[in-house]
Amino acid sequence: MTLIVGKSIERIIFLSQHKLSQWQYDRLGIDLLKKKGFRVEYWEYTSIVPPEISTTGIPRGNHAFDGLKSYNSDCALLVALGELTARDVVVVTGLLFGDKVFRKISRSKALWGTPFLGAFPEVSKENSFLLRLQRLVRRPGLIGKFISTRNPLKCLGVRAFDFYLAGGEFLPKHHLINAHTRRIDAHSFDYDRHLLAPRRESKAEPAKNVVFLDSYGPFHPDYETLGISFPCSAEEYFPNCNSFFRLVEERFGCSVVIAAHPRSRYEGRGNLFEERSVVRDHTRQLIQEAKLVLASNSTAVSFAVIYNKPIIFLAINPRVRNICDMKIRCLASLFGKQPIHWTGDENVDWDRELTIDEKRYTEYMATYIKKPGSPEKPCWEVFANYLETLPG
């Protein structure tokens, strides 16, 4: 099917399986798009995953976002999608939707696509197979979804994406992308936050602290949603982390600050990090001002690359074959490193860990963060400019 845009785009709809939060609102550039003259809506479709408690505040704090719409059933969402027109564009921000939803969008005259602005290194095919097998064993209901993504688009009655936003040179492999899908070169969400951040003074104070990029460990809701087991218990994970933090603090004479995962909710869980400062929604600034970054498989390592900070990768439980540690090893290898599995008595080669391989950082930047020559503008401004060039 060839889509002909006969009228200018007026409405942008973000279709997501997550509840809207301040973090999502800012990340999707909703204010910027509204200022560009588009009517912006956020459709949260919460029947896919268990309900979440918003951890980052009501959008725009003092006033309600009039573009927020909630759907908790296929029927209600399909009715709304049936009213799409050629003046609409649908940006799918999560790909767990069923084929019924995708077919409904495909049969409309609306443009549709998705952002690949947080691309992450992929584990090997063998390890990817292990991940899929784990999901299917724990969640048999995903078998249909797995099969559908391997079928040709015509068999599914779904047309390919009209566009996708790309961060870096990474080429995403997805069954809804084909030769007719328009690639829009922008950059990662993290680079966007860097671009929009206040400029630091050249005489800024020297870095003081060490930052740990929290992934919410065994409490992350995606493990349950995707049918994946975290490789160790909370009773093992947090004491191991704290033991290594103490080693780092003794070595460098500073504190380890926890850059909490955006979806984390540590309130009411006790003293998991031994009174260390736990800060949410300021990861970029914490890394910019840090002397060293500790990470496992967090996408926020992009900030360490942007600000040229050394990274120490921490394994979780490599004694047991698991996808989490596979991902950590894959990520660390791109920086020429091996993850440290700290249990209290290992030796750490600090000189090696603090060394930055400039070539590898440059390659990571180009592949996963920002393609050389791409516009030095917010990614949603790049997207708006693309929409404004469409025939109307």
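In this numbering scheme, every chain counts its residues from 1 along its sequence in written order. Two thresholds apply to this predicted model, a pLDDT of at least 70 for residue-level local features and 80 or more for giving and counting side-chain atom pairs, whereas whole-chain, interface and lining totals are computed over all residues. Values shown for side chains rest on all heavy atoms present in the structure; no hydrogens or waters enter the calculation.

Enquirer: Can you walk me through the side chain of Asn322 in this structure?
Expert: Here Asn322 shows up in the loop between β12 (311–313) and α13 (323–333). One polar contact links the side chain of Asn322 to the main-chain carbonyl oxygen of Val320, over a distance of 2.6 Å. Whether two residues are in contact is decided by their heavy atoms, any of which lying within 4.5 Å being enough. Non-local contacts of Asn322, meaning those with residues more than four positions away in its chain, are made with Pro231 and Asn317. Secondary structure elements follow DSSP: runs of H or I of four or more residues count as helices, runs of E of two or more count as strands, with numbering from the N terminus. For this analysis, a polar contact is any N or O atom pair within 3.5 Å, provided that within protein one partner can donate a hydrogen and the other can accept it, and provided that sequence-adjacent residues contribute only side-chain to side-chain pairs.

Enquirer: Before we go on, may I ask you to explain the pattern of salt bridges in this structure?
Expert: Working definition: two side chains of opposite charge can pair if their charged atoms are close together. By definition here, a salt bridge exists when the distance from a side-chain nitrogen of Lys or Arg to a carboxyl oxygen of Asp or Glu is within 4 Å. Taken as a whole and assessed by the stated rule, the structure comprises 19 salt bridges. A salt bridge links Glu10 to Arg87, with the shortest nitrogen-to-oxygen separation between them at 2.7 Å. Of this pair, Glu10 sits in the segment before β1 (11–16) while Arg87 sits in the loop between α3 (74–81) and β4 (88–92), and the two are 77 residues apart along the sequence. A residue is classified by how much of its surface remains accessible, and Glu10, at 34% relative accessible area, is partly exposed. Remark: exposure states derive from per-residue accessible area (1.4 Å probe, protein chains only) relative to the maximum for the residue type, with buried under 20%, exposed over 50%, and partly exposed in between. The partly exposed category is assigned to Arg87, whose relative accessible area is 33%. Notably, a salt bridge pairs Asp88 with Arg11, separated by 2.8 Å at the nearest N-O pair. Here the residue Asp88 occupies a position in strand β4, and Arg11 occupies one in strand β1, the gap between them amounting to 77 residues. Among the residues examined, Asp88 registers a relative accessible area of 3% and is labelled buried. Judged by relative accessible area, Arg11 falls into the buried class, the value being 11%. Residues joined by salt bridges that share partners form a network here, namely Arg11, Arg39, Glu41 and Asp88.

Enquirer: Sorry, what's going on with the sheet that holds strand β2 (residues 39–45) here?
Expert: Hydrogen bonding along the main chain pairs the strands of a sheet, whether they run parallel or antiparallel. A pair of strands is considered paired only if DSSP assigns at least 2 bridges between the two. Read from one edge to the other, the open sheet built from seven strands follows the order β3-β2-β1-β4-β5-β6-β7, with strand pairing classed as parallel. The sheet terminates laterally at β3 (68–71) and β7 (182–185), the two strands that pair on one side only. Geometrically, the sheet is characterised by an average inter-axis angle of 25° between neighbouring strands, direction not taken into account. In terms of strand pairing, β1 meets β4 through five bridges, oriented parallel. Each residue of the ladder has a partner; that of Ile13, found in β4, is Val90. Here an axis means a line fitted to C-alpha atoms, over the contact stretch when the element is a helix, while the angle between two N-to-C directions is reported on a 0 to 180 degree scale.

Enquirer: Looking at this model, I keep getting lost on empty space enclosed by the protein. Mind explaining?
Expert: Rolled over the atoms, a probe with the dimensions of a water molecule shows which regions are left empty. Cavities and pockets were defined on a 1 Å grid built over protein atoms only: a cavity is a set of grid points that admits a 1.4 Å probe from which the probe cannot escape, a pocket is an open set flanked by protein on both sides within 12 Å along at least five of seven lines, and lining residues are those with an atom within 4 Å of any such point. Grid points are joined across faces, edges and corners, and a volume is the space filled by probe spheres set on the points. Using the criterion set out here, one finds one cavity of 30 Å³ or more in the structure. Size it by volume and the largest cavity reaches roughly 140 Å³. Here the lining of the largest cavity takes five residues from helix α10 (residues 234–252), the largest share from any one element. In this classification, the charged set is Asp, Glu, Lys and Arg, the nonpolar set is Ala, Val, Leu, Ile, Met, Phe, Trp, Tyr, Cys and Pro, and all remaining amino acids, among them Gly, are polar. Class assignment of the residues belonging to the lining of the largest cavity gives a composition of ten nonpolar, three polar and one charged.

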